[in-house]
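# Structure at a glance
Below are the chains, spelled out letter by letter.
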Amino acid sequence: MKTTMKALGALCLTLMISVVSHAAAPTTVEELKAHYAKVAPKITSMTADYSMDMNLAKTSPEAEAAGMGEVSMGGTFDMLNDAMYMDMSMTMDMGGQSMVINMDMLMDDAGIMHMLMDMNGIKQAMRMDTKVVKDLAAELGVPESSLKLDNMGMGMMLNPSSMLETHSETHSLELVGKDKIDGEDVFVVHATINDNVLNTIKESPLLAGQEAMMDMKQVIYLGAKDGVMRRLEMGDFMTMTFSNINLDAGLTKDDINLEIPEGVQVMDLTDIFNTQF
């Protein structure tokens, strides 16, 4: 009898824990932020593999008319504090012809983007101060996060609350539930751009034709235990996936560096951007 009572007691306790755990699961974006504030680890560096597939024809009627097609890329992704380094191999379909580009990109902790591209042995280097994007956002009267050029910094990737806050500036967010990616639990968030931001983009001659891409619903998959993004879907335009994630990579500044070969010309896109916009 005592054994039976103990067994029943253990069963009741298990059921109670299960019910409490289920009830405690986040059901809103605000609850999700609070969840990550409690469970997300403090991360200073990260490495991962990534892949991205895009269909440039979906960005605008002009892009489709120009024969822009599918782009596939993949490579490695390293982050340390506010600095980010990516190497990638990219295949582009342009007017029915395939083009392969190898590229290294560094976003340093001062917000300067550096790129080194290799197209069939022809190398070109570029740099750009991402502050110009903030200036453009201010001129358009939209949050700078809506232009997203430097949103892949540590604040976005390694701080889930910051990622959700940044999206909240321009999008309506909805936590739609949980899913699994490679056997790992993830929270799924839908992001729909706010009408006032979209209308501003539509009315701006600087961003003419981009509203179709900006209006695509985003689906964001965040690791349930750490809040790090596992996948981002943007309508039928783009899917980006992160795998083999190491949140304790032990990177140093020497690991986040881009050396421009001697003799390679560096084009400053900051001046070009300022001239055009």
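In this text the structure is predicted, and so the values were computed from the model without any measurement.

Looking only at helices and strands, the protein features nine helices and twelve strands. Out of the 277 residues in the protein, the part that is buried amounts to 41%. Of the roughly 15,100 Å² of accessible surface on the protein, 53% is carried by carbon and sulfur atoms.

Across the sheet, which stays open at both edges, the twelve strands sit in the order β7-β8-β9-β10-β11-β1-β2-β3-β4-β5-β6-β12 with mixed pairing between neighbours. Two strands lie at the open edges of the sheet, namely β7 (171-181) and β12 (266-268), each paired on one side alone. For this sheet the average axis-to-axis angle between neighbouring strands, irrespective of direction, equals 15°. Where β7 meets strand β8 (residues 184-193), ten bridges bridge the pair, whose relative direction is antiparallel.

Strand direction decides the pairing type here: strand β2 (residues 68-80) and strand β3 (residues 83-94), joined by eleven bridges, are antiparallel. Residue pairing for β3: Gly74 is matched across the bridge by Ser89. The hairpin formed by β2 and β3 contains two residues between the paired strands, and Asn81 there has a positive phi angle of roughly 50°.

Here we take up a nonpolar patch on the surface. The grouping of Met68, Met94 and Met99 at the surface amounts to a nonpolar patch, some 220 Å² of accessible area in total. By the secondary structure assignment, Met94 is in strand β3. The partly exposed category is assigned to Met94, whose relative accessible area is 32%.

This brings us to the packing of aromatic side chains. All chains considered together, the criterion is met by three aromatic pairs. An angle of 85° between the planes, with centres 6.3 Å apart, marks the rings of Tyr36 and Phe187 as edge-to-face. Of the two residues, Tyr36 is situated in helix α2 (residues 29-39) and Phe187 in strand β8; the sequence distance between them amounts to 151 residues. Residue classification places Phe187 among the buried residues on the basis of a relative accessible area of 4%. Arranged with centres 5.2 Å apart and planes meeting at 70°, the rings of Phe77 and Phe242 form a pair that is edge-to-face. Of this pair, Phe77 sits in strand β2 while Phe242 sits in strand β11 (residues 238-246), placing them 165 residues apart in sequence. The same class applies to Phe77 and to Phe242, which are both buried. Aromatic ring contacts, followed pair by pair, group Tyr50, Phe77 and Phe242 into a single cluster. It is Arg231 that lies over the ring of Tyr221; its NZ or CZ is 5.4 Å from the centre.

In this section: the side chain of Asp78. Assignment of secondary structure puts Asp78 in strand β2. An unpaired buried charge is present at Asp78: no salt bridge exists, and Arg230, the closest side chain of opposite charge, is 15 Å distant. The contacts of Asp78, once residues within four sequence positions are left out, are Met46, Thr47, Ala83, Met84, Tyr85, Leu251 and Ile256.

This part is about the environment of Lys33. For Lys33, the position within the fold is in helix α2. Looking at Lys33, the relative accessible area reads 9%, which means it is buried. Counting along the chain gives 130 residues from Lys33 to Met163, while the straight-line C-alpha distance between them is 9.7 Å. At a separation of 3.1 Å, a polar atom in the side chain of Lys33 contacts the side chain of Glu30.

The subject of this paragraph is the pattern of salt bridges. Following the criterion strictly, the structure yields eight salt bridges and no others. A salt bridge links Asp185 to Lys178, with the shortest nitrogen-to-oxygen separation between them at 3.9 Å. Through salt bridges with shared partners, one network takes in Lys178, Lys180 and Asp185.

Conventions we followed
- Residues numbered from 1 in each chain as written.
- Predicted model: local features only at pLDDT ≥ 70, side-chain atom pairs only at ≥ 80, totals over all residues.
- Heavy atoms only, no water.
- Helix = DSSP H or I, 4+ residues; strand = E, 2+ residues; numbered from the N terminus.
- Buried < 20%, exposed > 50% of the residue type's maximum accessible area, 1.4 Å probe, protein only.
- Areas by Shrake-Rupley, 256 points an atom, 1.4 Å probe, with all protein chains shown as cover.
- Pairing = 2+ DSSP bridges.
- Axes fitted to C-alpha atoms, helices over the stretch in contact; angles between N-to-C directions.
- Patch = residues over 30% accessible without salt bridge, like charges linked within 9 Å, V, L, I, M, F, W, Y side chains within 5 Å.
- Salt bridge = Lys/Arg side-chain N within 4 Å of Asp/Glu carboxyl O.
- Phe/Tyr/Trp six-rings, centres within 6.5 Å; stacked < 30°, edge-to-face > 60°.
- Lys NZ or Arg CZ within 6 Å of the ring centre and 35° of its normal.
- Lys, Arg positive; Asp, Glu negative; His and termini not counted.
- Contact = heavy atoms within 4.5 Å.
- Polar contact = N/O pair within 3.5 Å; in protein donor to acceptor, adjacent residues only side chain to side chain.

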